[in-house]
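An overview of the molecular structure
Chain by chain, the residues:
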Amino acid sequence: MIRVTVWGENVHEQKNRIVAGIYPKGMHGTIADALNRDAGLTATTVTLQDPEHGLTDAKLADTDVLIWWGHAAHGDVQDAVVEIVDRVCDAVWGGMGIIFLHSAHFAKPFKRLMGAPCNLSWREAGERERLWVTSRNHPIAAGLPDHFELETEEMYGEPFGVPDPMETVFVSWFQGGEVFRSGLTYKRGAGSIFYFRPGHETYPTYHDANVQRVIANGVKWAFNPAPRIANPNAAPNRPVDQALEPIVERGPRLHHDGEEGFR
Ligand code: ZN
């Protein structure tokens, strides 16, 4: 069983009647329900409003793949008192998979993992989006037609301010003419990252069977069966006497002799 945690910002669902009508259990609830119909997956949900945003050390330790949807409250995600963003990035670097959906392109963990502005252009006009599979044998595209359409979506346009991805799995075309790289994969440390574009809150995107399949495929792709690396930031010294082959030590040795005299 792959253990999935769906993190929902859960703000639009509480404040907007249209969003609440489409997603009575929240977008996170709809996404988790779809994943739980897959026999190989078990999904739970947490939200921004939970203590520590639901992302405690214990919850992250029990999470193989984290899914993140955020939009209106990126700034409310704590990165000062409790280092939740550090905690999430450490988990990714240690091997946790993570999927960022739609407006999570501006989520703090995504921006930190990308090290780039992650900006884009956008238009909220309920226009048609056509997603083309650009990597036909990629596991994230398994079982999909060569293209599929979402009748009403928000437009995201290039240039998308992210580093060049490892793989581009989908490219979107929009009715207004723009295109966008809408399915991108990355490795950061031991962790696999998938960004998937669709999912504007006022449209029923997460009820779409193709979208649900992409997310489930993404979870299976991002899953890393190896044990989590406990401290992915460690940079251990390997002294001369522990070298695999005997070596003769030569100076100068900055870290042995120190620089105390120059302080
Ligand atoms: Zn949106």
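Residues numbered from 1 in each chain as written. Predicted model: local features only at pLDDT ≥ 70, side-chain atom pairs only at ≥ 80, totals over all residues. Heavy atoms only, no water.

**Comments concerning helix α3 (residues 26-36)**
Rules: The buried label applies to any residue whose accessible area, calculated with a 1.4 Å probe on protein chains only, is under 20% of its type's maximum; exposed applies above 50%, and partly exposed to all values in between. Helix and strand assignments come from DSSP, with helices taken as H or I runs of at least 4 residues and strands as E runs of at least 2, each series counted from the N terminus. Contact definition: two residues touch when any of their heavy atoms are within 4.5 Å.
For α3, the tally of buried residues reaches nine of 11 residues, placing the bulk of the element in the interior. Those residues of α3 that are buried are in contact with β1 (2-8), α1 (12-15), β2 (41-47), β3 (65-69), β4 (97-101) and α7 (209-222).

**Section: the coordination of the zinc ion**
Applicable threshold: Only nitrogen, oxygen and sulfur atoms qualify as donors, provided they sit within 2.8 Å of the metal or within 3.2 Å for Na, K and Ca; with water excluded from the atoms, sites may seem incomplete.
Here the zinc ion is held by the protein donor atoms His102 (NE2), Glu154 (OE) and His200 (ND1), which lie 2.0 to 2.1 Å from it. Mapping the donors of the zinc ion onto the primary sequence yields the spacing H-x51-E-x45-H. Here His102 is found in the loop between β4 and α6 (108-114), whereas its partner His200 is found in the loop between β9 (191-196) and α7, with 98 residues between them in sequence. By relative accessible area, His102 is classed as buried at 0%. The exposure class of His200 is buried, given its relative accessible area of 3%.

**A look at the packing of α3 against α7**
Put simply, the rule reads: The angle between two axes is taken between their N-to-C directions and runs from 0 to 180 degrees, where each axis is a line fitted to C-alpha atoms and a helix contributes only its stretch in contact. Roughly parallel here means an angle under 35 degrees, roughly antiparallel means over 145, roughly perpendicular means 65 to 115, and every remaining angle is called oblique. Any residue that is not Ala, Val, Leu, Ile, Met, Phe, Trp, Tyr, Cys, Pro, Asp, Glu, Lys or Arg is counted as polar, Gly included; the first ten are nonpolar and the last four charged.
Interaxial distance between α3 and α7 falls to 10 Å at its minimum, and their mutual angle equals 70 degrees. As the angle between them shows, α3 and α7 are arranged roughly perpendicular. Across the interface between the two elements, Ile31, Ala34 and Leu35 from α3 touch Gln212, Ile215, Ala216 and Val219 from α7. Taken together, the residues of the contact of α3 with α7 break down into six nonpolar, one polar and no charged.

**A short note on the pattern of salt bridges**
Just so we agree on the cut-off: Any carboxyl oxygen of Asp or Glu within 4 Å of a side-chain nitrogen of Lys or Arg constitutes a salt bridge here.
In total, this model carries 14 salt bridges according to the counting rule given. The partner of Glu178 in a salt bridge is Arg123, and the shortest N-O contact between them spans 2.7 Å. Within this pair, whereas Glu178 is found in the loop between β7 (167-174) and β8 (179-188), its partner Arg123 is found in strand β5 (residues 121-133), the two being separated by 55 residues in sequence. According to the relative accessible area criterion, Glu178 is partly exposed, its value standing at 24%.

**Things to note about the nonpolar core**
Note the cut-off: Note on terminology: a nonpolar core comprises buried Ala, Val, Leu, Ile, Met, Phe, Trp, Tyr and Cys residues joined through side-chain atoms within 4.5 Å.
Residues Leu55, Leu66, Trp68, Phe100, Phe110 and Met114 are the most contacted members of the largest nonpolar core, which totals 37 residues. Elements with a contribution of two residues or more to this core: β3, α5 (84-93), β4, α6, β6 (147-157), β8 and β9. Take this core: its biggest share by element is six residues, from α5. Setting aside its immediate chain neighbours within four residues, Met114 contacts Val162, Pro163, Tyr186, Arg188 and Ile193. Val6, Leu131, Leu144 and Ala216 belong to the second-largest nonpolar core, a separate cluster that totals 36 residues.

**Topic: the sheet that holds β9**
Sheet strands pair by backbone hydrogen bonding; their relative direction is either parallel or antiparallel. What counts, and what does not: Two strands make a pair as long as DSSP finds a minimum of two bridges between them.
Strand order in this open sheet of nine strands is β2-β1-β3-β4-β9-β8-β7-β5-β6, and the pairing throughout is mixed. Unpaired on one side and paired on the other, β2 and β6 mark the two borders of the sheet. Each adjacent strand pair in this sheet contributes to an overall mean axis angle of 25 degrees, direction not counted. Docked against the sheet, α3 engages β1, β2, β3 and β4, running at close to 170 degrees with respect to β2. Across the sheet, α5 lies against β3, β4, β8 and β9, angled at about 115 degrees from β9, the strand it touches most.

**Examining α5**
With respect to burial, α5 is a largely interior element, seven of its 10 residues being buried. Buried within α5 we find Ile84, Val85, Arg87, Val88, Cys89, Ala91 and Val92. Contact partners of the buried residues in α5: α4 (57-61), β3, β4, α6, β8 and β9. Positive backbone phi, approximately 125 degrees, marks Gly95, located one or two places after α5.

**Thoughts on the pairing of β7**
Regular strands show a simple pattern: their side chains alternate between the two faces of the sheet. By the bridge criterion, five bridges tie β5 to β7 in an arrangement that is antiparallel. Its bridge partner being in β7, Trp132 is matched across the sheet by Val171. Pairing between β7 and β8: six bridges, direction antiparallel. Within β8, the position partnered with Phe170 by the bridge is Gly183.

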